[in-house]
Number of protein chains: 2
Amino acid sequence: MTWYYDFMIIQPLKGTRDFYPKDMATRVWLFDHMRHSAKLFGYQETEGPYIEPFELYAVKSGEELVNEQTFHLHDRGGRKIALRPEITPTVSRMLAQKSKELQKPIRWFSIGPAWRYEQPQKGRGREFFQWEVNMFAANTPLADAEVLCVAASFLQSIGLTPNNIKLKINDRQLVEKRLTSLGVSSTHFGLVLKAIDRKEKIPASTFREMLHAAGLSDQQQQKLESLLSDKDLPDDAVWLRSVFDATKTLGFGNWIEYDPMIVRGLLYYTRTVFEAHDVKGEFRAIFGGGRFDNLVEALGGKENIDGVGFAIGDMVLTLLLEQNKKIPILPASPTKILVTVFDEKLVPKSIDLARQLREAGIPTELYPIATKLDKQLAYADKQGIPYAVILGPDEVKSDVVVVKDLLKRTQQKFLQRELVHSMESIAV
Amino acid sequence: MTWYYDFMIIQPLKGTRDFYPKDMATRVWLFDHMRHSAKLFGYQETEGPYIEPFELYAVKSGEELVNEQTFHLHDRGGRKIALRPEITPTVSRMLAQKSKELQKPIRWFSIGPAWRYEQPQKGRGREFFQWEVNMFAANTPLADAEVLCVAASFLQSIGLTPNNIKLKINDRQLVEKRLTSLGVSSTHFGLVLKAIDRKEKIPASTFREMLHAAGLSDQQQQKLESLLSDKDLPDDAVWLRSVFDATKTLGFGNWIEYDPMIVRGLLYYTRTVFEAHDVKGEFRAIFGGGRFDNLVEALGGKENIDGVGFAIGDMVLTLLLEQNKKIPILPASPTKILVTVFDEKLVPKSIDLARQLREAGIPTELYPIATKLDKQLAYADKQGIPYAVILGPDEVKSDVVVVKDLLKRTQQKFLQRELVHSMESIAV
């Protein structure tokens, strides 16, 4: 295997990550909680390919995501292939292909990798993971509320609280109604929404210029600014009020607040939109989502498939967790018991004990080399393995084993035939 | 979202797979068993990037895998990037980069995607998954035996038996000793091993030609053929005998048999080699592995890191499972209870019940639309959800709920305050 010669100089690609056991334990912990929250609400796990035909994204062309940020290659047949930059198009393709045979409403989630060619920075990589959650074919405030609560339930399960992060929601139809009442033409809605979406990231003058370009007079601009600063839910926000009421009954009302500034940049959202923001305001949006109801015409009008959902990337979220000291200290090793080997002659005795412990379902490591006992125990200690079993000639003679509790620094003798039973109660 | 327009014509790429809920349930079932077996033996999960610098594979150039089968692309800086065709180089790179600080012996496993540009066929795709298991820094027969038993333990856990699949093992040093005793020069070992590895896939005449090219006389060839047909473990196979004894004490002796024909195609194996074969002989090798001890010089001699391990792809294995009818029928939905909604007015009551059930940890779906009860129950039925809860005006009046057992076609009334407790015992 000559290629090992170059390992010392070959570094992983910029923006990719190596997950050593401790890092992987955190990743698994995070994904397990995503999976758990989704399943608690009845969502079914799906996955698609990680590589897709470039055309699946290309119709969105003109957008930064496709033209500048998508990793792509040509196969030997000249076909343009993309490493998926997001999961939604794959999910939607799968839905469209079997829309008729699928039971509705449809609750789906996915956890998997995506790639974007961006400048790597804190909270942003070129290879990252996304948790995508969608409910299809249920155009009700309750569906929107549920999806919000799946997100909140997950955030709660990983130790965050509404003091750390809030889900800010709005209704695009409400915004458009307001714009209409201000006299803004519907042809300008797109531009105005874009301006609102960017407002907090751009200077006030740029914001006003954007509104001006969308045809808003100074008076209209002032009225709009005043609407945007009113955080009380308007009386006529019937849909949003239903969403709020449902999130309260679902037990997550305190995670969600109305924010007239949230409109989301993507044009395809049609009603409820939301973004998660850290309360301290140190990060950009942690994630976002919303309702998109126009799949009906897009799919040729054969079937009305609307959807509501969100996608959470793992990198900014991990930053937020680190900042709030919510990443748990997880054992890198799954092992509960290290069975040491005393010497070559006694190896089979130790193997047999290890077999018995494993047959009882206890994750058990057997030291694979007959070396000094001290070295084996030091290894167990450094790996954070809680118990070590010792079986020397004296123990064999009297049919016992010594079990060391490496955390408490105590030890106990057990009859060999009672070891498994005793360890089952303390080590599982 | 204009890109939906093309969904009806955009198909997934050849050799990739869509995992709808039922397919995904099988994939998760398979991966969970891989993970469980690895952890039972104390292996720690790691993962690396799915894209790597092409050089990581390129030093192996000349081989089919890199030059013809690796998907690659160039980033905007002109750097050649590979979609990893296998996991081992990534694992080895990670090991090399932290070899000094890692506790030894090292037990690592990974489960993740890999890509190869091959002609898709039954059991072979362009995007597939591999389970990679390695023990490093333990050059003992016990380490080899353990790795074999991790594989056997997994095969057993998914319902296979030694009647379906066998792990055939050999020792390359034993083979080389035999070749030496036949008078074959060590410079020809590589060619002879290659011929043996291909023997069963090529005509007898081609095999003899290959041996002839490696300088073997007719007499040497005859002797070799007779050695290759002797399935009894030779008396001087000290290492292999120790491996066998350990696998027996570990409880998996009946999965493993000696086969003088197994030498593995890859040149880097140095001692124990093994391949899993279906007993009926309908498939090529299901997976393979072995011991590679020469990391020491390859890493510049600074540290002696040897290893033993295997990689199992998911696709041929799945074929074998299908053929043996071992793929379990798994529910596509995680939901235990569907809480129906009677009408708009009673929606909040149903939401509240769903919340209570979820807070007790029971995966619960709430029908998100106030529609006909029949439709909701038919949905539950088709999704395979075992219980449905009904809460109509009569039930609300008398503080009860109706629970339908959709499998047994029975129903029962519970006091509302007792629902969660009652369902905890039957639905979890």
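About the criteria used
Residues numbered from 1 in each chain as written. Chains lettered and ligands numbered in written order. Predicted model: local features only at pLDDT ≥ 70, side-chain atom pairs only at ≥ 80, totals over all residues. Heavy atoms only, no water. Helix = DSSP H or I, 4+ residues; strand = E, 2+ residues; numbered from the N terminus. Rg over C-alpha atoms; globule rule 2.2 N^0.38 Å. Buried < 20%, exposed > 50% of the residue type's maximum accessible area, 1.4 Å probe, protein only. Contact = heavy atoms within 4.5 Å. Expected span 1.5 Å × (residues − 1). Arc of directions from axis to C-beta. Least-squares fit on C-alpha atoms with pLDDT ≥ 70 in both. Pairing = 2+ DSSP bridges. Salt bridge = Lys/Arg side-chain N within 4 Å of Asp/Glu carboxyl O. Domains from an automatic or database assignment. Axes fitted to C-alpha atoms, helices over the stretch in contact; angles between N-to-C directions. Buried area = accessible area lost by both parts, 1.4 Å probe. Polar contact = N/O pair within 3.5 Å; in protein donor to acceptor, adjacent residues only side chain to side chain. Phe/Tyr/Trp six-rings, centres within 6.5 Å; stacked < 30°, edge-to-face > 60°. Lys NZ or Arg CZ within 6 Å of the ring centre and 35° of its normal.

(A) Summary view of the overall build of chain A. Tallying secondary structure elements over chain A gives 16 helices and 16 strands in all. On C-alpha atoms alone, chain A measures out to a radius of gyration of 28 Å, which is more than a quarter above the 22 Å that the 2.2 N^0.38 rule sets for 428 residues. In chain A, which comprises 428 residues, the share counted as buried stands at 59%. For chain A, restricting intrachain contacts to residue pairs at least 6 apart in sequence, the fraction spanning at least 24 positions comes to 67%.

(B) Up close: helix α10 (residues 238-249) of chain B. All names here are of chain B. In this model, α10 (12 residues) spans 17 Å end to end at C-alpha, consistent with the 16 Å of a helix rising 1.5 Å per residue. Turning to α10, its buried residues number three or more, namely Trp-239, Leu-240, Val-243, Phe-244, Ala-246 and Thr-247. Each buried residue of α10 lies within a common arc of 165 degrees when the element is viewed along its axis, so the set occupies one face. In α10, those exposed residues whose orientation departs by more than 90 degrees from the buried face are Val-238 and Lys-248. Immediately downstream of α10, the backbone of Gly-251 shows phi near 95 degrees, a positive value.

(C) Here's a closer look at the relation of the copies chain B and chain A. Overlay of chain B on chain A (RMSD 0.1 Å): rotation 180 degrees, translation along the axis 0.0 Å. One copy is carried onto the other by what is essentially a two-fold rotation axis. When each C-alpha of chain B is compared by its distance to the rotation axis, Leu-73 of chain B comes out closest, at 2.5 Å. When you check the interface residues of chain B against chain A, 100% turn up at the interface there too, and the contact is symmetric in its surfaces.

(D) Region of interest: the side chain of Asp-314 of chain A. If you trace the backbone, Asp-314 of chain A turns up in helix α12 (residues 314-323). If sequence neighbours within four positions are ignored, Asp-314 of chain A has contacts with Arg-17, Leu-30, Phe-128 and Phe-129 of chain A.

(E) Structural detail: the pairing of strand β11 (residues 307-313) of chain A. All names here are of chain A. For β11, the tally of buried residues reaches 5 of 7 residues, placing the bulk of the element in the interior. As defined by bridge partners, strand β6 (residues 127-136) adjoins β11 across 7 bridges and the pair is classed as antiparallel. Its bridge partner being in β11, Asn-134 is matched across the sheet by Gly-309. Two elements, strand β10 (residues 287-292) and β11, share 5 bridges in a ladder whose sense is antiparallel. In the strand pairing of β11, Gly-288 is matched with Ala-311.

(F) Main features of the pattern of salt bridges. Residues and elements named next belong to chain A. In total, this model carries 46 salt bridges over all chains according to the counting rule given. A salt bridge links Arg-79 to Glu-55; the nearest nitrogen and oxygen atoms lie 3.2 Å apart. Here Arg-79 is found in the loop between β3 (72-74) and β4 (80-83), whereas its partner Glu-55 is found in helix α2 (residues 55-58), with 24 residues between them in sequence. Under the relative-accessibility criterion, Glu-55 is labelled partly exposed at 33%.

(G) Molecular detail of the domain arrangement of chain A. According to the domain assignment, chain A consists of domain 1 (13-49 + 84-323) and domain 2 (337-427). Computed from C-alpha coordinates alone, the two centres of domain 1 of chain A and domain 2 of chain A are separated by 51 Å.

(H) Inspection of unusual backbone geometry at higher detail. Residue and element names in this part refer to chain A. A cis amide bond links Lys-104 to the next residue, Pro-105, at an omega of 0 degrees. The backbone of Ala-137 sits at a positive phi, close to 65 degrees, despite the residue not being glycine. Note on placement: Ala-137 falls in the loop between β6 and α5 (141-157). Classification of Ala-137 by relative accessible area gives buried; the value is 15%. If you check the backbone angles, Asp-399 has positive phi at about 60 degrees while not being a glycine. Structurally, Asp-399 is set in the loop between α15 (393-397) and β15 (400-405).

(I) Main features of the sheet that holds strand β3 (residues 72-74) of chain B. Residues and elements named next belong to chain B. Reading across the sheet, the 3 strands line up as β2-β4-β3 and stay open at both edges, with antiparallel pairing between neighbours. In the strand order of this sheet, the two ends are held by β2 (51-53) and β3, each with one partner. Ignoring which end each strand starts from, the neighbouring axes of this sheet average 35 degrees apart. Sheet analysis places β2 next to strand β4 (residues 80-83), joined by 3 bridges and oriented antiparallel.

(J) Representation of the sheet that holds β3 of chain A. All names here are of chain A. Reading across from one edge, β2-β4-β3 is the order of the 3 strands in this open sheet, with antiparallel pairing throughout. A strand with exactly one partner marks an edge of an open sheet, and here the two such strands are β2 (51-53) and β3. Strand-to-strand, the axes of this sheet are offset by a mean angle of 35 degrees, without reference to chain direction.

(K) Representation of the interface of chain B and chain A in the model. In this assembly, 111 residues from chain B lie in contact with 111 residues from chain A. With both chains or domains summed, chain B and chain A bury close to 10,100 Å², and 66% of this area falls on carbon and sulfur atoms. Put simply, chain B and chain A have 4 salt bridges between them. The partner of Glu-365 of chain B in a salt bridge is Arg-107 of chain A, with the nearest N and O atoms 2.8 Å apart.

(L) Inspection of the side chain of Asn-134 of chain B at higher detail. Residues and elements named next belong to chain B. Take Asn-134: it is sitting in strand β6 (residues 127-136). Side chain to side chain, Asn-134 and Glu-132 meet in a polar contact 2.7 Å long. Contacts of Asn-134, omitting those with residues within four sequence positions, involve Tyr-43, Val-91, Ile-106, Arg-107, Trp-108, Phe-292, Val-308, Gly-309 and Phe-310.

(M) Representation of the packing of aromatic side chains in the model. Within the structure shown, the criterion is met by 28 aromatic pairs over all chains. Ring geometry for Trp-108 of chain A against Tyr-20 of chain B: centres 5.9 Å apart, planes inclined by 70 degrees, an arrangement best described as edge-to-face. On the criterion of chain membership, the pair formed by Trp-108 of chain A in strand β5 (residues 106-115) and Tyr-20 of chain B in the segment before α1 (21-40) is interchain, its members lying in two chains. Ring geometry for Phe-287 of chain A against Phe-310 of chain A: centres 5.7 Å apart, planes inclined by 40 degrees, an arrangement best described as tilted. Of this pair, Phe-287 of chain A sits in strand β10 while Phe-310 of chain A sits in strand β11, placing them 23 residues apart in sequence. As far as the burial class goes, Phe-287 of chain A and Phe-310 of chain A line up, both buried. Members of the aromatic cluster, joined through ring pairs, are Phe-19, Phe-31, Tyr-50, Trp-115 and Phe-129 of chain A together with Phe-19, Phe-31, Tyr-50, Trp-115 and Phe-129 of chain B. Here Arg-107 of chain A stacks its cationic end above the ring of Tyr-43 of chain A, 5.8 Å away from the centre of that ring. The ring of Phe-207 of chain A has Lys-199 of chain A sitting right over it, with the charged end atom 5.1 Å from the ring centre.

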